[in-house]
Every structure is written in C-alpha cells, then in structure tokens.
Amino acid sequence: MSDDHTHVREFFGARAADWDSRFPDDGPAYAAAVADLGLRAGDRVLDAGCGTGRALPPLRRAVGPAGAVLGMDLTPAMLQAARRAGRDRDGRLLLADVAALPVRSASLDAVFAAGLIAHLPRPAENLRELARVVRPGGTLALFHPIGRAALAARQGRQITADDLRAEGNLGPLLAGSGWRMTSYVDEDARFLALAVRGRRPAAAAARCREGRT
C-alpha cells in the first residue's frame, strides 16, 4: 500500500465510528447537491470516496429502483460505518481505490464525489480515471458541505493560491482530465463544482492525434 493510501486510511479509519455524529446537519446539503447533478430514473451513478454513505440515500431516490448506485471507498472502517447505518440498502458498497476503479469504461452516467479532491494523491490522473468510467456527456459533482473559506476558518488555516478547489485551478485541472466544468459555487453553506464528460479524456485524445492509438 502506498504512503498516500496508508495516510488516508489511518486518518479516516480513526474517525469513522463517530463521523456522522460530528456532522449531523449535512443531510440537506447532500440532498441538494445530488439534485443539482440532474440524475434520472434508471441512471447508473458512483459515489467516489463515499465514506459513511451519506449521499447514497438521495442518490438512490434520484435513480429509482431501476438505477444502479455504487459506493466506493478506500477505508474499510468507513464502509463498515455505512453498513451499520443501513446505507448498503441504497447502494452496493465496495472497497476500491479511485486510481483504479473496478468499473467498465463508459459504463456510468455520473459520479458524485464529496470531499474527495483534497485527498487525491495524483489529481489529474485520478480525475481521468473518473472520466474513464463515465459515458460521454455524463456528469461529475465535486461537493463539500461547507465552502472553502468556512472550512479554512474551521481548521484554523489560510486558503493558499495552490488550492485545487479554487475556480482558477479547478477549471483547467478538469479540462485536462476529460471534463468540462459547467457550474461552480463556493459559498459558506456549500462547495459544488459540476462538470460534463467530454468525448474522451484529454490524454487519450492527444495520443490519438499523435497516432499512438
């Protein structure tokens, strides 16, 4: 296991048991973000870095019984907490790494990712992997139930110029990873960036133009 994976598992594993009780009022923000994702009945959606599965119930309601909901996380303790909360009834839970998703290419309609981007060891590469599993025209939601400034104040730190979630950084990062950002909201009550999957990730398109694929 890489050092990045070890750190993530240690960090979230130590907090999994009381994660939901630490943030008891986030449910409406999750539901609103899922609504903005624009899912339809029968869609197939992945909650990447699902944690304790707080997004799974609204995702299931959005896609209905005919849809498919997957929740994937790197931390076993988080998935155990999701099962204890009964959220495995709303989606299939899998222990998986966002860097190598056990999902067929272009097989999903959307990806929901709450709090994920700050923990990606290789953001451009990892976002390309998310693009790989989503059909052209599918959507991505990068969400956090608190905005950048409010989160920084809570943690007693300053926002730095290299913050990946800053609009000027995130737009180009997504564009280079097979996504086109269509909406960006960063306010105290929430952070939500929406993007649409292009025809293919940028790296693959470049290889094609160069005659390598």
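Just above, that's the structure.
Note that the structure is a prediction, hence the values are computed from the model and not measured.

Visitor: When you look at the environment of Asp 186 in this model, what are you seeing that I'm missing?
Guide: With respect to the helices and strands, the residue Asp 186 is situated in strand 6 (residues 179-187). Expressed as a C-alpha distance, the spacing of Asp 186 and Ala 150, which sit 36 residues apart in the sequence, is 9.8 Å. In this structure the side chain of Asp 186 is engaged in a polar contact, spanning 2.8 Å, whose partner is the side chain of Arg 148.

Visitor: What's the story with the pairing of strand 1 (residues 44-48) in this structure? I'm lost.
Guide: Across the five residues of strand 1, four count as buried, placing the element largely inside the fold. Traced from strand 1 through helix 4 (residues 56-63) to strand 2 (residues 68-73), the parallel crossover comes out right-handed. Pairing of strand 1 with strand 4 (residues 108-114) involves three bridges; the strand directions are parallel. Bridge pairing links Val 45 to Ala 110 in strand 4.

Visitor: How should the pattern of salt bridges be read in this particular structure?
Guide: Two side chains carrying opposite charge are able to pair once their charged atoms lie near each other. This structure, assessed with the given rule, holds 10 salt bridges. For Asp 109, the salt bridge goes to Arg 44, with nearest N and O atoms at 3.3 Å. Residue Asp 109 is located in strand 4, and its partner Arg 44 is located in strand 1; the two are separated by 65 residues in the primary sequence. A relative accessible area of 34% places Arg 44 in the partly exposed class. We note a salt bridge from Arg 148 to Asp 163, for which the minimum N-O separation is 3.0 Å. In this pair, Arg 148 sits in helix 7 (residues 148-155) while Asp 163 sits in the loop between helix 7 and helix 8 (167-175), placing the two residues 15 residues apart along the sequence. One salt-bridge network, in which partners are shared between bridges, spans Asp 20, Asp 26, Arg 54 and Arg 87.

Visitor: Looking at this model, I keep getting lost on the sheet that holds strand 7 (residues 190-197). Mind explaining?
Guide: Either a parallel or an antiparallel arrangement is found when strands of a sheet pair, and the pairing is made through backbone hydrogen bonds. Strands sit in the order 3-2-1-4-5-7-6 across an open sheet of seven strands; the sheet is mixed. The open sheet terminates on both sides in strands that have one partner only, identified here as strand 3 (92-95) and strand 6. Averaged over all pairs of adjacent strands, the angle between their axes in this sheet comes to 15 degrees, without regard to strand direction. Helix-sheet contacts for helix 3 (residues 27-36) involve strand 4, strand 5 (134-144) and strand 7, and the interaxial angle to strand 7 is about 25 degrees. Packed onto the sheet, helix 5 (residues 76-84) meets strand 2 and strand 3 and runs at close to 165 degrees relative to strand 3.

About the cut-offs
Residues take numbers from 1 onward in each chain, read along the sequence in its written order. The predicted origin of the model limits local features to residues at a pLDDT of at least 70 and limits the giving and counting of side-chain atom pairs to 80 or more, whereas totals for whole chains, interfaces and linings rest on all residues. With hydrogens and water set aside, each side-chain value is computed from the structure's full complement of heavy atoms. Secondary structure elements follow DSSP: runs of H or I no shorter than four residues count as helices, runs of E no shorter than two count as strands, and numbering proceeds from the N terminus. We call two N or O atoms a polar contact when they sit within 3.5 Å, provided that within protein one can donate a hydrogen and the other can accept it, with sequence-adjacent residues counted only if both atoms are side-chain atoms. A simple rule labels every residue: compare its accessible area, found with a 1.4 Å probe on the protein chains alone, to the largest value its type can have, and call it buried under 20%, exposed over 50%, or partly exposed in between. Whether a crossover is right-handed comes down to one check: with the strands pointing away from the viewer, does the path from the first strand over the helix to the second run clockwise; if it does, it is right-handed. For two strands to count as paired, DSSP must find a minimum of two bridges between them. Salt bridges are counted wherever a side-chain nitrogen of Lys or Arg sits within 4 Å of a carboxyl oxygen of Asp or Glu. To get an axis, fit a line to the C-alpha atoms, keeping to the stretch in contact for a helix; angles then go from 0 to 180 degrees between the N-to-C directions. Note on definitions: a residue-residue contact is assigned when non-hydrogen atoms from the two residues lie within 4.5 Å.

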